[in-house]
Amino acid sequence: MDIKDIISHSKEYGFIFQSSEIYDGLSAAYDYGPYGVELKNNIKQYWWKSMVQMHENIVGIDAAIFMHPKTWKASGHVDAFNDPLIDNKDSKKRYRADQLIEGYAEKIEAKIQKDVDKAKSRFGDAFDEQQFRTTNDRIIARQNEIDAVMKRLGNAMREGNMDELKTMIDEYGIVCPESGSRNWTEVRQFNLMFSTQLGNIAGEEGKLYLRPETAQGIFVNFLNVQKSTRQKIPFGIAQIGKAFRNEIVARQFIFRMREFEQMEMQFFVRPGEEMQWYEYWKEARLKWHKALGTDASKLRFHDHDNLAHYANAAVDIEFEFPFGFRELEGIHSRTDFDLSQHQELSGKKLQFFDPELNENYVPYVVETSIGCDRMFLAQLSNALQEEAVPDAEGNESTRTVLKLHPALAPVKIAVLPLLKNKEELTNAATDVFNSLKKHFNVQYDEKDAIGRRYRRQDAIGTPYCVTIDFDTLEDNSVTIRDRDTLEQVRIPIDRIADHVRVKTDINELL
Ligand code: GAP
């Protein structure tokens, strides 16, 4: 399914709505609907349980979104949290210069792919793609061009050289996707933090930022948490919360938003031991993703080519979204940069006395950072499928089904009386619904033919439906239907909860 299908499914079935839609929407801000909020909460619960509950040396916090303005000076966000911005004078559209240049490289890559596809259809089974890519002169030349463009881009970004980015845009003849013109402004740095003003202090002094990452709320609380919980190094602090970035180009639905939610964990370690913990968290986080049944071919590591000034190693876990492989989560070895910076600007020591080494030090940090919304999009795009299935008469039909892992599904079970106007059936169904609702998120539905009700539940990813029919009134049993296998089995009412729990219990993922 492409991203348009995912967006329209999200709206039609109450997962995600455009923010302030009745006013034509606000770009890059989204509201989660009734099923969306359930799915998002389940993702957060899975993360929190795996990271906090399953590690006796990781604890959670919930820090304020507003922080002292010096926080952002110390972290480097005031001076360096910038994107290179360029405007097209004809279309009046604004772009990220680095993304325009990456787009140029992607076009060359598309030409390579076209040549590969052509050769593949010409040579059939005998075609060796690897050999073709490494021996065909035209492909080699194009690949060299991509490498040169990306290297030049990397250098310019690292040096903050805006003139070089403009030169590249001019030299490569990059045109505005909207107007097709090359009438560009200069490239300039644009800080991504949103700011606001404190009520009681005028001017710069009262300038506050909306946090662009949750991590800093953890760093400034390092000692409070360590002392109050008597943790010893290595230990971690986890947090889930909102973050805000004034993205220049916000696109691809909830992939890049201006208000989003992060799930971050800072793991404090002895200096010199950070690489072993970096490897540990890389593997642990990949395992977390795979436990949801996501196909291994849709996940990959991507080492950062250009390390941020504070990092000595960084990798992304990329997921294959409908628009290609993109960053889903980052694992960063951040050295002692953040704690040292806060120590310097606050004048307060942020050190740990290590009784085994008998010395004080500023701990090093390995961070895992994942966007909750991006995880939501990954799960939704992975799960949404069109499938050929037999209808009630045994004829072939198609269904839209959301094959979410049952533990993440917004509704775990739907209770469906066979007929709506038979009180004995609806009463029995209501009793079943009431007995299940304290265990699971359950839905009662009596409207339309049973086949249509199944389709509605498939579309929101409900793993089980139970039907209450006339036999139920005789023998206290129901038919329970499995979303994925379509198998229907008869079970006693008092066994429904156990039956459903087997696959939907989030603890089974841990
Ligand atoms: N504390 C480190 C940090 O914030 P990051 O790579 O900038 O690192 C971490 O962000 C994660 O947050 C990303 O992997 C992504 O999942 C999510 N994220 C970042 N910007 C986002 C945006 N504009 N919209 C949605 N998610 C975003």
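Predicted, not measured: the structure shown is a model, and the values here were computed from it. (Residues numbered from 1 in each chain as written. Predicted model: local features only at pLDDT ≥ 70, side-chain atom pairs only at ≥ 80, totals over all residues. Heavy atoms only, no water.)

Colleague: How do you make sense of the pattern of salt bridges when you look at a structure like this?
Modeller: Pairs may arise between side chains of opposite charge once their charged atoms sit close together. Considering all chains together, one arrives at 39 salt bridges under this definition. The shortest N-O distance in the salt bridge between Arg96 and Asp98 comes to 2.9 Å. The partner of Glu213 in a salt bridge is Arg334, with the nearest N and O atoms 3.5 Å apart. Pair noted here: Glu213 is in the loop between β8 (207–209) and α9 (215–219) and Arg334 is in strand β13 (residues 324–335), with a separation of 121 residues, a long-range link. Given the relative accessible area of 1%, Arg334 is considered buried. (Salt bridge = Lys/Arg side-chain N within 4 Å of Asp/Glu carboxyl O. Helix = DSSP H or I, 4+ residues; strand = E, 2+ residues; numbered from the N terminus. Buried < 20%, exposed > 50% of the residue type's maximum accessible area, 1.4 Å probe, protein only.)

Colleague: Just checking my understanding: could you explain the sheet that holds strand β4 (residues 82–87) for this structure?
Modeller: Through backbone hydrogen bonds, the strands of a sheet pair up, either in parallel or in antiparallel fashion. One open sheet holds the three strands; their spatial order is β5-β4-β6, and the pairing between them is antiparallel. Every other strand in the sheet has two partners, leaving β5 (94–96) and β6 (188–191) as the edge strands with one partner each. Looking at each pair of strands side by side, their axes are set apart by 50° on average, direction ignored. With four bridges connecting them, β4 and β6 associate as antiparallel partners. Opposite Pro84, over in β6, you have Gln189 as the bridge partner. (Pairing = 2+ DSSP bridges. Axes fitted to C-alpha atoms, helices over the stretch in contact; angles between N-to-C directions.)

Colleague: Is there a simple way to explain the nonpolar core in this structure?
Modeller: Ranked by internal contacts, the top residues of the largest apolar core, which has 59 residues, are Trp47, Ile254, Trp281 and Phe376. Not counting residues up to four positions away in its chain, the partners in contact with Ile254 are Ile16, Tyr30, Tyr32, Asp373, Arg374, Phe376 and Leu377. (Core = buried A, V, L, I, M, F, W, Y, C linked by side-chain atoms within 4.5 Å. Contact = heavy atoms within 4.5 Å.)

Colleague: What exactly am I supposed to notice about the side chain of Ser75 here?
Modeller: Among the structural elements, Ser75 can be located in the loop between α3 (70–74) and α4 (77–80). Among the residues examined, Ser75 registers a relative accessible area of 3% and is labelled buried. In terms of polar contacts, Ser75 uses its side chain to reach the backbone carbonyl oxygen of Trp72, at 3.3 Å. A polar atom in the side chain of Ser75 sits 2.6 Å from the side chain of His77. Each residue touching Ser75, except ones within four places of it in the same chain, is listed here: Gln216, His309 and Phe337. (Polar contact = N/O pair within 3.5 Å; in protein donor to acceptor, adjacent residues only side chain to side chain.)

Colleague: Just to check I follow, could you spell out the environment of Asp336 for this structure?
Modeller: The residue Asp336 is located in the loop between β13 and α12 (337–346) in this model. Given the relative accessible area of 24%, Asp336 is considered partly exposed. Once residues within four sequence positions are removed from consideration, Asp336 is found in contact with Val362, Pro363 and Tyr364.

Colleague: Got a minute to help me understand a negative patch on the surface in this structure?
Modeller: A cluster of acidic side chains, namely Glu279, Glu283, Asp303 and Asp305, defines a negative patch on the protein surface. Locating Asp305 in the fold gives a position in the loop between β11 (299–303) and β12 (313–321). Residue Asp305 is classed as exposed on the basis of its relative accessible area of 66%. (Patch = residues over 30% accessible without salt bridge, like charges linked within 9 Å, V, L, I, M, F, W, Y side chains within 5 Å. Areas by Shrake-Rupley, 256 points an atom, 1.4 Å probe, with all protein chains shown as cover. Lys, Arg positive; Asp, Glu negative; His and termini not counted. Charge placed at Lys NZ, Arg CZ, Asp CG, Glu CD.)

Colleague: I would appreciate a short explanation of the site of the ligand in the present structure.
Modeller: Close contacts around the ligand come from 21 residues, with Glu213, Arg245, Met257, Glu264 and Glu327 the closest. Glu327 places a polar side-chain atom, nitrogen or oxygen, 2.5 Å from an oxygen atom of the ligand. In the complex, 92% of the free accessible area of the ligand, which totals 550 Å², lies under the protein chains. Where the shell around the ligand is concerned, the elements lending two or more residues are β10 (259–269), β13 and β16 (364–371). By residue number, the principal contributor to the shell around the ligand is β13, which donates six residues. (Near = heavy atom within 4 Å.)

Colleague: How should empty space enclosed by the protein be read in this particular structure?
Modeller: By rolling a water-sized probe across the atoms, one finds the places where empty space is left. All told, the structure shown has one cavity of 30 Å³ or more when counted by the stated rule. Of the voids in this model, the largest cavity is the one considered here, and its volume is about 40 Å³. As for the largest cavity, its lining consists of His289, Leu292, Thr294, Leu299, Phe319, Leu328, Met375, Ala378 and Gln379. The element that contributes the greatest number of residues to the lining of the largest cavity is helix α13 (residues 372–383), accounting for three residues. (1 Å grid on protein atoms, 1.4 Å probe; cavity = no way out; pocket = protein on both sides within 12 Å on 5 of 7 lines; lining within 4 Å. Points joined across faces, edges and corners; volume = space filled by probe spheres on them.)

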